[in-house]
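Architecture at a glance
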Amino acid sequence: MPATEPGKIRNIAVVGHRGVGKTSLVEALLFQAGKTNRLGSIEQGTTVSDWDDDEHRRQMSLSGTLSHLEWQGRKINLVDCPGDAGFQADSYAALRVVEGALVVLSGVMGVEVNSSRVWARAEEYGLSRVVFVNMLDRERADFFRVLEAARTQLSERCVAIQLPIGAEHELSGVVDLLHMCAYMDPAGGKEGGPQPIPDELADQVQEYREKLLDAVVETNEDLMARYLEGEELPPEDVADALKGAVARDEIYPVACGVTTKNLGTTALLDLLVEGVPSPARKGTTIEFGDAKQAVFIFKTIADPFAGRISCFRVLAGPVTGDTTLVDPRTHAKERLGQILLLQGKDNVPVDALGVGDLGAVAKLKDVVTGDVLVDHEVPVEPPHIDFPQPVMSFAVSPKAKGDEEKMAAGLRRLSEEDPTLQMRRDPQTGEQLLSGLSQMQVEVAVDRLHSRFHVDVELHPPRVPYKETIRKEARARHRYKKQTGGRGQFGDCEILIEPLPAEDGGELGYEFVDKIVGGVISHSFRPAVDKGVREAMEHGDLAGAPVQGVRVLLVDGMEHSVDSSEMAFKIAGSMAFKDAYQKAEPVLLEPIMELEVTVPDDSVGTVNGDLNSRRGRLQGMEPAAGMTTIRAEVPMAEILTYSQALTSMTGGRGDYSMAFLRYEEVPTHVAQKIIEATKKERETAKA
Ligand SMILES: Nc1nc2c(ncn2[C@@H]2O[C@H](COP(=O)(O)OP(=O)(O)OP(=O)(O)O)[C@@H](O)[C@H]2O)c(=O)[nH]1
Ligand SMILES: [Mg+2]
């Protein structure tokens, strides 16, 4: 089978908030395109893209899954992304390798926090976007309310391209405003061909068709002129202009349907083919120099049987199984071997894969997510995918003694698969820490250690990643001197430390400025002072947390012609920092989480009261369809075990998601307790 031409490929990431029906939508698209012969369901665990046992058990997607289908002679690659905040890495990686994002919204809940987050990322990458309003058969679903929410909260360039026929349980079809036809509810079967639009909808269809035309002609001068002259614009011309506008990121068409009934898929597939640009039309921004063959690894799957599976996008090609590429990061040569197209858990071997296409290979040796492989060594800067930083750390230990190595190996494999899952040893306690974006992400990793790597581990309560910083400037000088017998030690430095604010809401940093005049310390020793300071900053004096947000100026010092050494200056630097730190009004910082809780209206009072007692700050409330979404900022320390509390407050009907927002100073009375506790811990450790 020859490689698909770039002009005939559409790459689409299916993204959105948790549980809005992304996986069900992919299932329906595959079914409608004839890739599968029955419509699988989440409830029965029979969908193509949620194939993993852990996904079945939790009835949610835990990782990005590739699948593909053919429609109108085009190949559509779909990446079904998880919506949960703990599993964001795959959405961000997928958005880096596609031209289009299919943003799914719930017809009941509208724009939720993760929809806005992925929207912003798609915006950053300049992706074409199609919105799909799903679940219109559910009670209190309202297409027009969600359309309005999309226009105010995502972009005012969102415009309806489809309309529902009827609503809630009386929903009977959708109207395609572009081709001016209707599709009737297939109730889970194949969607039939286009039908005439029901007469009773004529006025509403007219109104929204005009809104669509207005939006389209706005982006095209020629059409605008003809439109103003009153010409009836042929559908092909409108479709062409729309395609241009979507490709240029000027219009975001809003489609709709019911994925579990397979309603709305024909019109949506047409729209994806017509609207989303092909890789030929919109080249990648990932660098590959003058390489004739190149691939970008955007995902790694740790398969216990097949080993490591690397998913990639072809940047230059075609590539075949015989292609040997080099990884400029490691300089290692890698023969691709059998190239695979993934379809959920299944794969199909292919001979070649062309530019812009997505595929996978097994068993590359030293390749990690984010690598660009090229046919000859060219200096390429691999694209930076800004993955969220882990915010929660749990100590883990194997249940059986002697399983430490096995556990570490398993965790290494899992963090290859998900870069937001990280492990490290706590230098103070010696414990093995597993960090991630949410408690669930870490729990899933523990389940997988059991199911894939046969190690049982215990998870200990999470630790809050406190940080420390300073509020004012301070100066200190330290002389490290040992001059009795043998060769002596001599290092003397004076430093000034001052607060270094974060740039534009970014992370707190560190800066070392060399202000030595007259060479009182020679050049070769100055970096040693920096090193000593950094070492001291790893554990602040308050709670042993890393110190950040400090600028250190090396202003003076002295050296000895014989006894000075790097070692001596490092110690002097470290001691000087410790001195200065105490005088610089050090404070403790804690992570603040952005929390979104959706609860039945009758438990809003209880949930708000509880958030208040957790030092939460209410940011807003939005009632929609009997449920209220509460947005609040809450310190992580207060919300580590929220899921049990929420379940008991709402009788299991509440749902929440949270993500790291920023660091803030811990209020004095709380900080005092943490500092006391750390002191005690240190004393017991010493005793
Ligand atoms: N009534 C109704 N239920 C739907 C529809 N689409 C999905 N569902 C149900 O909603 C639940 C979530 O669907 P999924 O397809 O798993 O949603 P998702 O967006 O992939 O979820 P995550 O991957 O966990 O973020 C399942 O129980 C589906 O059966 C729909 O159009 N109508
Ligand atoms: Mg899913």
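A brief structural summary. Remember, predicted model here, so these are calculated numbers, not experimental data.

1. Observations concerning the sheet that holds strand S21 (residues 392-398)
Spatially, the 4 strands line up as an open sheet ordered S22-S23-S21-S24, and their pairing is antiparallel. Sheet topology places strand S22 (422-425) and strand S24 (457-463) at the edges, where each strand pairs with a single neighbour. Going from strand to strand, the sheet's axes swing by 30° on average, the running direction of each strand aside. The sheet contact formed by S21 and S24 spans 5 bridges and is antiparallel. For Pro-398, the partnering residue across the bridge sits in S24 and is Val-457.

2. With respect to the site of ligand 1
Neighbouring ligand 1 are 20 residues, the closest being Lys-22, Ser-24, Glu-43, Ser-61 and Thr-259. Separating an oxygen atom of ligand 1 from a backbone N or O atom of Gly-21 is a distance of 2.9 Å. Between Glu-43 and ligand 1, the recorded distance is 2.4 Å, taken from a side-chain N or O atom to an oxygen atom. In the complex, 90% of the free accessible area of ligand 1, which totals 650 Å², lies under the protein chains. Given that more than half its atoms are within 2 Å of the pocket grid, ligand 1 belongs to the second largest pocket.

3. Quick look at the environment of Val-350
Assignment of secondary structure puts Val-350 in strand S17 (residues 346-350). Sequence separation of Val-350 and Asn-37 is 313 residues, and the distance between their C-alpha atoms is 22 Å.

4. Focus: the nonpolar core
Residues Ile-76, Leu-102, Phe-143, Leu-242 and Leu-268 are the most contacted members of the largest nonpolar core, which totals 114 residues. Contacts of Ile-76, omitting those with residues within four sequence positions, involve Arg-10, Ile-12, Ser-67, His-68, Leu-69, Trp-71, Leu-269, Leu-272 and Val-273.

5. So, the state of the cysteines
For the coordinates displayed, the defined rule picks out 0 disulfides. You can see Cys-81 has no disulfide; the closest cysteine sulfur is in Cys-311, sitting 12 Å from it. Look at Cys-81 and you get buried, because its relative accessible area is 1%. Cys-158 forms no disulfide, and the closest cysteine sulfur to it belongs to Cys-256, at a distance of 14 Å. Overall, the relative accessible area of 0% leaves Cys-158 in the buried class.

6. Looking at the coordination of the magnesium ion (ligand 2)
Around a metal, the idealised angle for a tetrahedral arrangement of four donor atoms is 109.5 degrees; for an octahedral arrangement of six donor atoms it is 90 or 180 degrees. Within the protein, the magnesium ion (ligand 2) binds to Thr-23 (OG1) and Ser-61 (OG); these donor distances fall in the range 2.0 Å. Taken together, the residues Thr-23 in helix H1 (residues 22-32) and Ser-61 in the loop between helix H2 (53-58) and strand S2 (65-71) connect sequence positions 38 residues apart. By relative accessible area, which is 5% here, Thr-23 ends up buried.

7. Digging into empty space enclosed by the protein
For the coordinates displayed, the defined rule picks out 5 cavities of 30 Å³ or more. Of the pockets and cavities examined, the largest cavity occupies roughly 160 Å³. Around the largest cavity sit 15 residues that line it, and Leu-62, Phe-87, Glu-417, Asp-418 and Arg-448 are the ones nearest its centre. Counting residues per element, the ones that place at least two in the lining of the largest cavity are helix H3 (89-95), helix H10 (404-417) and helix H11 (439-453). Ranked by residues supplied to the lining of the largest cavity, first place goes to H11 with 4 residues. For the lining of the largest cavity, the per-class residue count stands at 8 nonpolar, 2 polar and 5 charged.

8. What about the layout of surface pockets?
By volume, the second largest pocket amounts to about 1,200 Å³. Forming the boundary of the second largest pocket are 43 residues, of which Arg-18, Gly-19, Val-20, Met-135 and Arg-138 lie nearest the centre. Per-class residue counts for the lining of the second largest pocket are 12 nonpolar, 16 polar and 15 charged.

9. Regarding unusual backbone geometry
Residue Pro-318 follows Gly-317 across a cis peptide bond; omega there is 10°. Assignment of secondary structure puts Pro-318 in the loop between strand S12 (307-316) and strand S13 (319-320). One non-glycine residue, Asn-262, lies in the positive phi region at around 65°. With respect to the helices, strands and loops of the structure, Asn-262 is situated in the loop between strand S10 (252-256) and helix H9 (265-275). A relative accessible area of 0% means that Asn-262 is categorised as buried.

10. Concerning the pattern of salt bridges
One pass over the structure, following the stated rule, counts 48 salt bridges. Residue Arg-329 pairs with Asp-371 through a salt bridge whose shortest N-O separation is 2.9 Å. Placement of Arg-329 in the loop between strand S14 (324-327) and strand S15 (332-335) and of Asp-371 in the loop between strand S19 (358-362) and strand S20 (372-374) is noted, with a sequence separation of 42 residues between them. Assessed through its relative accessible area of 4%, Asp-371 is described here as buried. Between Lys-570 and Glu-535 there is a salt bridge, with the nearest N and O atoms lying 3.2 Å from each other. In this pair, Lys-570 is assigned in helix H13 (residues 566-583) and Glu-535 in helix H12 (residues 526-537), connecting sequence segments 35 residues apart. Look at Lys-570 and you get partly exposed, because its relative accessible area is 24%.

11. Thoughts on the packing of aromatic side chains
A complete count under the given rule lists 7 aromatic pairs for this structure. Between Phe-144 and Tyr-208, the aromatic rings sit 5.3 Å apart at their centres with planes inclined by 50°, giving tilted as the arrangement. Taken together, the residues span a long stretch of sequence, with Phe-144 in helix H5 (residues 143-153) and Tyr-208 in helix H6 (residues 202-217) at a distance of 64 residues. Judged by its relative accessible area of 26%, Phe-144 is partly exposed. Look at Tyr-642 and Tyr-656: their rings are 5.1 Å apart centre to centre, the planes differ by 90°, and that puts the pair in the edge-to-face class. Of this pair, Tyr-642 sits in helix H15 (residues 642-650) while Tyr-656 sits in strand S33 (residues 655-665); the two residues are 14 residues apart in sequence, bridging distant segments of the chain. The exposure class assigned to Tyr-656 is partly exposed, which follows from its relative accessible area of 23%. One aromatic cluster is present, built from ring pairs that chain together Phe-143, Phe-144 and Tyr-208. Positioned over the ring face of Trp-119 is Arg-129, at 4.7 Å from the centre of the ring. For Lys-211, the ring lying beneath its charged end belongs to Tyr-208, and the centroid distance is 4.5 Å.

12. Comments concerning H5
For H5, the full list of buried residues reads Phe-143, Val-146, Leu-147, Ala-149 and Ala-150. Buried residues of H5, seen end-on, are gathered within an arc of 160° and therefore sit on one face of the element. Buried residues belonging to H5 abut strand S4 (100-106), strand S5 (128-134), strand S6 (158-160), strand S7 (162-165), H6 and S10. In this structure Asp-142 caps H5, since a side-chain oxygen of it lies 3.0 Å from the backbone nitrogen of Phe-144.

Conventions and cut-offs
- Sequence order sets the numbering: in each chain, residues are counted from 1 along the sequence as written.
- By the order in which they are written, chains take letters starting at A while ligands take numbers starting at 1.
- The predicted nature of this model means local features are confined to residues of pLDDT at least 70 and side-chain atom pairs, given and counted, to a pLDDT of 80 or more, with totals for whole chains, interfaces and linings taken over all residues.
- Only heavy atoms go into the side-chain values, all of them from the structure, while hydrogens and water stay out.
- Each pair of strands is called paired provided DSSP finds at least two bridges between the two strands.
- Labels follow the DSSP assignment, with helices taken as runs of H or I lasting at least four residues and strands as runs of E lasting at least two, numbered in each case from the N terminus.
- Angular values range over 0 to 180 degrees, each being the angle between N-to-C directions of two axes fitted as lines to C-alpha atoms, with helices fitted over their stretch in contact.
- Neighbouring residues are identified by heavy atoms, a residue being near a molecule or strand if any of them is within 4 Å of it.
- Polar contacts here mean pairs of N or O atoms no more than 3.5 Å apart (in protein, one a potential hydrogen donor and the other a potential acceptor; neighbouring residues in sequence count only if both atoms are side-chain atoms).
- Values of accessible area rely on a 1.4 Å probe in the Shrake-Rupley scheme; residue burial ignores everything except the protein chains shown.
- The way it works is a 1 Å grid over only the protein atoms, where trapped points that fit a 1.4 Å probe form a cavity and open points with protein on both sides within 12 Å along at least five of seven lines form a pocket, and then any residue with an atom within 4 Å of a point lines it.
- Cavity and pocket membership follows a simple rule, namely that a molecule belongs there if more than half of its atoms are within 2 Å of the grid points.
- By nonpolar core is meant a set of buried Ala, Val, Leu, Ile, Met, Phe, Trp, Tyr and Cys residues that side-chain atoms within 4.5 Å join together.
- Using a 1.4 Å probe on the protein chains alone, a residue whose accessible area is under 20% of its type maximum counts as buried, one over 50% counts as exposed, and one in between counts as partly exposed.
- Note on contacts: a residue pair qualifies if any of its non-hydrogen atoms lie within 4.5 Å across the two residues.
- Cysteine sulfur pairs qualify as disulfides if the two atoms are within 2.5 Å.
- A 2.8 Å cut-off from the metal defines N, O and S donors, relaxed to 3.2 Å for Na, K and Ca; water is not in the atom list, so some sites may appear incomplete.
- Grid points are joined across faces, edges and corners, and a volume is the space filled by probe spheres set on the points.
- Each residue receives one of three labels: charged for Asp, Glu, Lys and Arg, nonpolar for Ala, Val, Leu, Ile, Met, Phe, Trp, Tyr, Cys and Pro, and polar for the others, Gly being one of them.
- By convention in these notes, a salt bridge is any Lys or Arg side-chain nitrogen within 4 Å of a carboxyl oxygen on Asp or Glu.
- Stacked, tilted and edge-to-face are the three classes applied to pairs of Phe, Tyr and Trp rings, where Trp contributes its six-membered ring and a pair requires centres within 6.5 Å; stacked means planes under 30 degrees apart, edge-to-face means over 60, and tilted covers the rest.
- Charge-over-ring placement is defined geometrically: NZ (Lys) or CZ (Arg) within 6 Å of the ring centre, and within 35 degrees of the ring normal.
- Throughout, the arc means that of the directions going from the helix axis to the C-beta atoms.

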